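Working through the structure, step by step
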Amino acid sequence: MSNDRSSKPPAGGLSRRDFLTRGAAVAGGLAAAPYLLGGSPAWAAVEEGAKVGGKLDVLNWIGYIDKKSKKDFPKQTGIKLKYSEALDDNNTFFAKYQEQFANDDHIGFDIVAPTTWMAARLIELEYVQPLPFDLMENRGSLRAELENPVWDPTGEFTLPWQTGYTGIAYNIEATGREITSVEDLFDPKFKGRVGWLLEMRDSLTLAMLSTGMTGEEIAAGVTFNDAKPAFDRLEKAAQGGQIRRFTGNSYVSDLLSGDFALNVSWSGDVAQLTTQEPNLRFVVPDEGGHGFWADVMCMVATSKRSKQVAAWLDYFYDPVNAARVADTTSYISPVADITDELATINPEAAENTILFPPQDVLDRLVQFPLLDPDDEERFDRRYAEITGG
Amino acid sequence: MTTVERALDSPAAVEVQRSFPPPWLRRAGSWLLNIYAGLALVYLFIPIAVVVAFSFNAENTNFNFTWDGFTFANWTHPFADQGLVDAFVLSLEIAAIATAIAVVLGGLIALALTRYRFRGSGFVNLFLVLPLTTPEIVLGASLASLFIAKTYPSPVPDSRGFAAVLIAHVMFCVSFVALTVKARLRGFDWTLEDAAMDLGAGPVRTFTKVTFPLMIPGILAAALLSFALSLDDFIITQFNSGDQTTFPIYIYGAAQRAIPPQIQVLSSMILIVSVGILVTGTFFGRRKERAATS
Amino acid sequence: MAGAADTAPKRGRFAPYGLLSPGIIWLILFFLVPVAILLRAALSSQPERFVPDDLRFKWKWSNFSNALDRFGPQFQDAMRNALIAAVVVAVIIAAVVVLRRGLWHNTRARRLLVGALVAGFFGAYIITSTVDGWGDHFQRSFLYAGIATLLCIAIGYPLAYVIAFRGGAYKNLLLGLVVVPFFTTYLIRTIAWKTILFDNGPVVDFLQTIGVLGDSGRLLATPGAVIGGLTYNFLPFMVLPIYVSLEKIDVNLVDAARDLYSSPARAFRKVVLPLSLPGVFAGTLLTFIPASGDFINAEFLGSPTTSMIGNVVQNQFLVQLDYPTAAALSFVLMAIITVAVLVYARVLGTEDLTG
């Protein structure tokens, strides 16, 4: 098995760039045609010819897919799908599988969907292989923001599953005022009722913006020294009792119960909640927010199921399916131009400004840069000390 | 007994105190004690009541946290969440196998310690307690160091997973079983075995007809204990589970986002079954007792 | 037991070892060997990050000091002060003993002296700990676990007492009720407390109304919540051993003591309490040890300022992949607990650790 990687042929005739350009062209008009004509969608053609068959094992985050897709995908493609939602933290995921990755043992999944910075690490360590773009049909197109990913410079290894951005969610009843600035996170008025994210890059971006760095400076590259004031400020807030907890996704229950008045938050969960809880708001602070980040699909190096992986990517880059997933997760679909499809499923969602942020919000978003691997260790150590582990 | 003798030896100033707490105060104190104990028992059930209540929650936010109304829907579809069911079945499987192995290994140790006098028994006694006086997190980390195999030069790959969890669970259950069975066997009259032998029973027959039946109550208690401990173990399991998702690990993952109400339903089911066993056990136990005394 | 010689265990040559060996070999392989490997990891140097090399063994004692500097600086200070205090007390005791030789042969006096030594140690430890803010991970672990253990005794002892002496025919049922909640998974129970104690919830509201909590007061994300969670989760481990030791007490003995001492409180203090101490001792171990290594309660009910050493070990081992640091911290935890258990066994005079 260990020889596979070196002997693997380079990605076939169709590269990601080709895929993108062709995808864009198709999205320009052709893709919609079958639906408009009431005909069967393109991936259904596969079904009529010969179902792909075989098996596919996918590892994804919890609550990140709609129920219908899980049943429909196997039916359409004949692929026996094993879909695991056991991915709950990038670092834990890496720790769990690193030995197997390093020994070229199959980890039991063909597709994994870590966050971009972790994907960059997997690419760097050669734990993942190029995606089978040559086997894919043309399907939709990528959002413009995701087209030149820093985490995947050649663009061969990843396709986003869902994307989103990070800002501040707050309960207006608890805060008593609109939140506009990262400084609000440090306001003594909210002592003990502020939440931050365990995901370092999200929290650090906002903390660095609060120490006076600009979005451009951050995006241009960050060293440990640049981040030091931000770390110190976070540590002081944590030790002084300003910060109640550092959380993963579980901040949602803290927001709902009112234990958090405001917290650093991902766009999706809150978009979903604001429709039911009118007091919940979400804002990208004036100083800026973190985004777009993405959870990206990678094909693990030991997988031999190129056809099935291609079918999976095809299926979920179909605008109709993509819209359905986005409607479930309330994150932003990486597939461009799904507004119409989403509007047919859920008209409210199509109007939601969290799901479809206006230009001035987009302009404030900062992508956290890739860290130098040596520096990254210092970042991780420092952040772990602050968050209490 | 020496403590008591010593205590009884020095009845100083008895006479003065004889009348001190008047009977009414004593009765009141006695009642207060009962009430205090009752409250302690209630305290044990507070979170359980919440779990049962939320199994009937008509959650409408995907986050089963706030009360959104009453429904039976969760109970009519207790197995709606496939991942949860798989995790639960895996946990039952591990608990059953681990208990079976631990009962044999631990039962034999208990038999050796109570039936024989031998050199080194004190050492064995101490050794058995060590896994119990080691914090779980240390047990988990040390076992994981063994299974990850990155911590020492070894040709073995990372072998965390089903077998690793099973091995870990057997490890901490063996001590519990050995100590529980040992406690029950202490004071057992081993001459019964000789009597059986004298009456012509072979060693195997003696064991199956005399020794083993006497061990059964202890073994049952120990088995129940290990099953419960294994089913509930999170810390050691988390270190060694690899890609296996047991019931507690599933809950931990789900707590990062949304606790499906089915978790509460399953927990309530376990509760109902165990209360059921308990109540019928008490009922039949009392009937038997009454039958025996009458 | 009334040990007539003929019921005593037989002397065995090979049979006992045969019966023991499978279980003991299992424990050697999967308890002793892993602990040895962990110790090796604590003294090894970590290869470069993400390089799939094995750890290299180097007698690297600095792992311990580095780990303690990062996660237990105040604990080190407190320990140092506590040791100094203990040495001072020891010197005083030695002086007193030399002056009055008879003291050393008096069991009671000896116990008192050891008690003074321990009190000096912990007194200095607690004073130093509480002077400086929130303390560090190690300090919090032992402080929280210690308080939780005391609370468990306070709640569990009367409960065990009532079940053992007043349970009558319902003894087993009551005992079962103590155990039953624990068939609901540990994590679920802990998360349930979050739903009960949340800031806008009825419990906090009530406490605010009666003035126990200030208007902005809260229960969750405080040391109190973590200690409360630990107390709740380990209570049965206190109740059961105490119950077992109380159950063994002959009721006639208690009656006799009542007649003799008249006051039930005195009878309790002179007869029941001493006889139940082995149970309290076992319960304390079964509560304190897991509580000091726990990370679940601190994670769900606490805040960054209440995280315990278990949280650090878990994170360093499973997330940061810093095995030497995690291993070193585990060992310090284990060593301290072992010393504490030995001292405790001495003070309480309970040799019979194994129950």
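What counts as what
Residues numbered from 1 in each chain as written. Chains lettered and ligands numbered in written order. Predicted model: local features only at pLDDT ≥ 70, side-chain atom pairs only at ≥ 80, totals over all residues. Helix = DSSP H or I, 4+ residues; strand = E, 2+ residues; numbered from the N terminus. Buried ≥ 20, exposed ≤ 12 C-beta atoms within 10 Å, placed from the backbone. Contact = placed C-beta atoms within 7 Å. Domains from an automatic or database assignment. Nonpolar A, V, L, I, M, F, W, Y, C, P; charged D, E, K, R; others polar. Core = buried A, V, L, I, M, F, W, Y, C linked by C-beta atoms within 7 Å. Axes fitted to C-alpha atoms, helices over the stretch in contact; angles between N-to-C directions. Parallel < 35°, antiparallel > 145°, perpendicular 65-115°, else oblique. Left-handed = near helix turned anticlockwise from the far one by under 90°.

With that settled, consider the overall build of chain A. For chain A, the count of helices and strands is 19 helices and 11 strands. In chain A, which comprises 389 residues, the proportion classed as buried is 53%. Pairs at least 24 residues apart make up 80% of the contacts formed inside chain A by residues separated by at least 6 positions.

Next up on the list: the overall build of chain C. A count of helices and strands for chain C gives 14 helices and 3 strands. Judged by the C-alpha coordinates and their principal axes, chain C covers about 70 × 65 × 55 Å. Taking all 355 residues of chain C together, 48% fall into the buried category.

Now for the domain arrangement of chain A. All names here are of chain A. Domain parsing of chain A yields domain 1 (4-163 + 293-357) and domain 2 (165-291 + 364-387). Counting residues at the interface gives 14 residues for domain 1, matched by 16 residues for domain 2. The residue makeup of the side of domain 1 that touches domain 2, split by class, is 8 nonpolar, 3 polar and 3 charged.

Quick look at the nonpolar core now. With 164 residues, the main nonpolar core has I109(B), A141(B) and A160(C) as its most contacted residues. Broken down by element, this core gets its largest block of residues, 16 residues, from helix α5 (residues 82-115) of chain B. Shared between two domains, this core takes at least three residues from each, and those domains are domain 1 (72-133) and domain 2 (136-355) of chain C. If you look at the next biggest cluster of nonpolar residues, it comprises 112 residues, including L131(A), V194(A), A207(A) and I386(A).

Attention now moves to the packing of helix α9 (residues 191-198) of chain B against helix α10 (residues 203-232) of chain B. Residue and element names in this part refer to chain B. The geometry of α9 relative to α10 is characterised by a closest axis approach of 10 Å and an angle of 140° between their N-to-C directions. In terms of axis orientation, α9 runs oblique to α10. In this structure, α9 crosses over α10, and the sense of that crossing is right-handed. Contacts between α9 and α10 involve L192, E193, A196 and M197 on the former and, on the latter, T206, K209, V210 and T211. When grouped by side-chain class, the residues that make up the contact of α9 with α10 number 4 nonpolar, 2 polar and 2 charged.

Bringing the interface of chain B and chain C into the picture now. It is common to give the size of an interface as the accessible area that goes away when the parts come together. The interface of chain B with chain C comprises 91 residues on the first partner and 88 residues on the second. Residue contributions to the side of chain B that touches chain C peak at 14 residues, all from helix α3 (residues 23-54) of chain B. Of the residues assigned to the side of chain B that touches chain C, the class counts are 65 nonpolar, 17 polar and 9 charged.

Within the secondary structure layout, I147(C) lies in helix α5 (residues 137-166). With 190 residues separating them along the chain, I147(C) and I337(C) place their C-alpha atoms 15 Å apart.

Once that is clear, we can look at the domain arrangement of chain C. All names here are of chain C. Along its sequence, chain C is carved into domain 1 (72-133) and domain 2 (136-355). Between the C-alpha centres of domain 1 and domain 2 there is a distance of 25 Å. Opposite the 10 residues of domain 1 that make contact, domain 2 presents 9 residues. Top contributing element to the side of domain 1 that touches domain 2 by residue count: helix α4 (residues 107-131), with 5 residues. Considering only residue class, the side of domain 1 that touches domain 2 consists of 5 nonpolar, 4 polar and 1 charged.

Turning next to unusual backbone geometry. Note on backbone geometry: most residues besides glycine have negative phi, and most peptide bonds are trans. All names here are of chain A. A cis amide bond links G291 to the next residue, F292, at an omega of -20°. Mapped onto the elements of the fold, F292 is located in strand β10 (residues 289-300). Backbone geometry at D104 places phi at a positive 60°, although glycine is not the residue there. Mapping D104 onto the fold places it in the loop between α6 (90-102) and β3 (111-112).

With that settled, the discussion passes to the interface of chain C and chain A. On the chain A side, the residues contacting the 23 residues of chain C number 25 residues. It is helix α13 (residues 309-319) of chain C that provides the largest number of residues to the side of chain C that touches chain A, a total of 6 residues. In terms of residue class, the side of chain C that touches chain A is built from 11 nonpolar, 8 polar and 4 charged.

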